[in-house]
Amino acid sequence: MKLNNKLFAQMRAATRNLMHKSPVDTNQVIQDALKNASVYTEAAQQHMRGMGQMPTGSSPQQGTPAVDVQGMLAELSRNFSQGIGQGTGYRAANEPAEVLPGSFSEGSHTNAAGTRSYKLYVPSGYRGEPVPLVVMLHGCTQDPDDFATGTKMNALAEEMNCLVVYPAQSRQANASRCWNWFNNVDQRRDQGEPSIIAGITRDIMARYTIDKAKVYVAGLSAGGAMAAIMGTLYPDLYAAVGVHSGLPFAAAHDLPSALAAMKGDFRRGHQPNKAIPIIVFHGDQDTTVHPTNGDAIMVPARDAADAMAIEPGRVPNGHAFTRTVHKRADGKPRGEHWVIHGAGHAWSGGSARGSYTDGKGRMPAAR
């Protein structure tokens with residue numbers, strides 16, 4: 001959920017403000033957000049129950065051209081894995097490795113849908129008190145170690161005393177390690193990859209003392225698309241969603257529609273009646289996932305808002321950006337949309353030691 005150091009500071013301030021409120025007030029904020037999200041979830045699930053996949057062994061209808069599934073899968077993976085590298089030319093090759101005092105351990109979760117490993121960062125300051133949990137979903141070709149390094153979320157965990165878990169997509173499930181956000185089965189609650197990611201989340205919540213009102217999910221690219229799915233299907237589990245360079249919920253249902261969605265031609269019949277708490281980042285020069293996807297993710301928050309504030313800005317010696325905040329009548333945000341001007345398909349800011357980061361989105365450290 002971090003765009004650059006300036007955004008980092010703003011997110012920290014917002015989190016501190018929330019944590020300093022009384023328990024009753026904080027719970028009410030989360031309950032209101034989840035109440036809104038539940039309407040979205042119910043409507044989405046009703047539609048998805050009517051979506052069926054072609055039974056194994058069945059044949060396409062007469063007159064339907066044969067689909068080159070392997071070719072489309074290769075193109076989809078190629079688009080993500082190559083396009084996600086936009087912006088990596090801004091790396092600093094001599095950036096030192098970050099040494100953190102917490103623990104970064106491996107684990108795995110298995111259910112009927114399969115097995116996925118994960119990495120969990122526990123900050124050095126954790127002493128068993130209730131803390132937030134952030135679930136981070138990597139992009140194509142990435143893994144938990146790479147994603148943690150590039151996003152610097154473990155450093156945030158140390159500062160904010162929260163846990164961060166990084167589920168890992170397997171090569172058996174997707175050769176390029178992309179989350180399969182475009183499959184029907186992977187857009188359904190308690191099925192496919194969503195059930196595994198939710199299972200990992202619940203495993204961590206069972207092993208550690210997690211504040212149930214402060215469990216968040218975020219992701220980049222294909223991971224961003226899956227984060228949108230998780231927030232939609234599990235509003236009872238996640239309090240808010242972060243999507244960087246991703247796609248809206250159920251934007252595609254197979255490989256052809258996935259390729260179309262990445263170009264901006266996505267399904268538009270899945271908008272919720274109410275907004276879910278969400279923050280979206282997207283580069284306006286993204287040629288891998290068209291920026292209209294970011295706009296589409298924000299439609300529910302925009303339509304449900306009572307007010308809107310637009311705040312332009314610029315990173316010194318870096319990208320300009322436009323931050324749009326959609327607010328309720330009481331001033332509380334329903335969602336934020338950050339458009340990074342001139343940025344491509346890469347994490348804005350972060351560390352150059354990780355893959356697919358754009359240093360022009362990074363603010364210099366405060367002095």
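Up top is the structure these notes are about.
Attention here is on the structure that accompanies the text. (Residues numbered from 1 in each chain as written. Predicted model: local features only at pLDDT ≥ 70, side-chain atom pairs only at ≥ 80, totals over all residues. Heavy atoms only, no water.)

1. Things to note about the overall build of the chain
Along the backbone of the chain there are 9 helices and 12 strands. Here the chain holds 367 residues, and 54% of them are scored as buried. For the chain, the proportion of contacts with a sequence separation of at least 24, taken over those separated by at least 6, is 71%. Entry remark: accessible area of the chain is about 15900 Å², with carbon and sulfur atoms responsible for 50%. (Helix = DSSP H or I, 4+ residues; strand = E, 2+ residues; numbered from the N terminus. Buried < 20%, exposed > 50% of the residue type's maximum accessible area, 1.4 Å probe, protein only. Contact = heavy atoms within 4.5 Å. Areas by Shrake-Rupley, 256 points an atom, 1.4 Å probe, with all protein chains shown as cover.)

2. Concerning the packing of aromatic side chains
Taken as a whole and judged by the stated rule, the model has 8 aromatic pairs. The interplanar angle of 90° and the centroid separation of 5.5 Å between the aromatic rings of Trp 181 and Phe 182 together place this pair among those described as edge-to-face. Across the pair, exposure class does not vary: Trp 181 and Phe 182 are buried alike. Following the ring pairs from residue to residue traces out a cluster consisting of Phe 104, Tyr 121, Phe 147, Tyr 166 and Trp 347. (Phe/Tyr/Trp six-rings, centres within 6.5 Å; stacked < 30°, edge-to-face > 60°.)

3. Describing the side chain of Asp 286
Position of Asp 286 relative to the elements: it lies in the loop between strand 7 (278-283) and helix 9 (292-304). There is no salt bridge for the buried Asp 286, and the closest opposite charge comes from Lys 263, which lies 13 Å off by N-O distance. (Lys, Arg positive; Asp, Glu negative; His and termini not counted. Salt bridge = Lys/Arg side-chain N within 4 Å of Asp/Glu carboxyl O.)

4. Some remarks on the packing of helix 6 (residues 192-207) against helix 7 (residues 222-233)
With their axes 10 Å apart at the nearest point, helix 6 and helix 7 run at an angle of 75° to one another. When the axes of helix 6 and helix 7 are compared, the pair comes out roughly perpendicular. Contacts between helix 6 and helix 7 pair Glu 193, Pro 194, Ile 197 and Ala 198 from the former with Met 226, Ile 229, Met 230 and Leu 233 from the latter. Broken down by class, the residue content of the contact of helix 6 with helix 7 amounts to 7 nonpolar, no polar and 1 charged. (Axes fitted to C-alpha atoms, helices over the stretch in contact; angles between N-to-C directions. Parallel < 35°, antiparallel > 145°, perpendicular 65-115°, else oblique. Nonpolar A, V, L, I, M, F, W, Y, C, P; charged D, E, K, R; others polar.)

5. Topic: the sheet that holds strand 1 (residues 103-111)
Here 10 strands make up an open sheet; going across it, the order is 1-2-4-3-5-6-7-10-9-8 and the pairing mixed. In this open sheet, the two strands that pair with only one neighbour each are strand 1 and strand 8 (307-314). On average, adjacent strands in this sheet sit at an angle of 15° to one another, irrespective of strand direction. Both strand 9 (residues 320-327) and strand 10 (residues 333-341) contribute to a ladder of 8 bridges, which runs antiparallel. From the neighbouring strand, Phe 321 faces strand 10, where its bridge partner is Ile 340. With respect to the sheet, helix 5 (residues 153-160) is in contact with strand 1, strand 2 (114-122), strand 3 (131-137) and strand 4 (163-167), its orientation differing from that of strand 4 by roughly 155°. Contacts between helix 7 and the sheet are confined to strand 3, strand 5 (210-220) and strand 6 (240-244), with strand 5 contributing the most and set at about 145° to the helix. (Pairing = 2+ DSSP bridges.)

6. Details of the pattern of salt bridges
Scanning the model with the defined rule gives 10 salt bridges in all. Among the ionic pairs, Asp 211 bridges to Lys 214, the shortest N-O distance being 3.9 Å. Classification of Lys 214 as buried rests on a relative accessible area of 8%. With its nearest N and O atoms 2.9 Å apart, the salt bridge here joins Glu 336 to Arg 323. Placement of the pair is Glu 336 in strand 10 and Arg 323 in strand 9, with a sequence separation of 13 residues.

7. Structural notes on unusual backbone geometry
Even without being glycine, Asn 161 reaches a positive phi, approximately 55°. In this model, Tyr 356 sits at a positive phi of 60°, which is unusual for a non-glycine residue. Residue position: Tyr 356 is located in the loop between strand 11 (347-348) and strand 12 (357-358).

8. Considering helix 9
With 13 residues, helix 9 ought to run about 18 Å at 1.5 Å a step, and its terminal C-alpha atoms sit 19 Å apart, in line with that. Of all the bends in helix 9, the largest measures some 45° and sits at Met 298, one to four residues before the proline Pro 300. Every buried residue of helix 9 is accounted for by Asn 293, Gly 294, Ala 296, Ile 297, Met 298, Val 299, Pro 300, Ala 301 and Ala 304. Looking at the packing, one finds that the buried side of helix 9 touches strand 6, helix 8 (255-262), strand 7, strand 9 and strand 10. (Expected span 1.5 Å × (residues − 1). Bend = angle between axes of the 7 residues up to and from the residue.)

9. Notes on the state of the cysteines
Taken as a whole, this structure holds 1 disulfide when the rule is applied. Between Cys 140 and Cys 178 runs a disulfide, and the two sulfur atoms are separated by 2.0 Å. Taking the sign of the torsion about the S-S bond as the criterion, the disulfide between Cys 140 and Cys 178, at about 125°, is right-handed. Residue Cys 140 is located in the loop between strand 3 and helix 4 (144-151), and its partner Cys 178 is located in the loop between strand 4 and helix 6; the two are separated by 38 residues in the primary sequence. Both residues of the pair, Cys 140 and Cys 178, count as buried. (Disulfide = S-S within 2.5 Å.)

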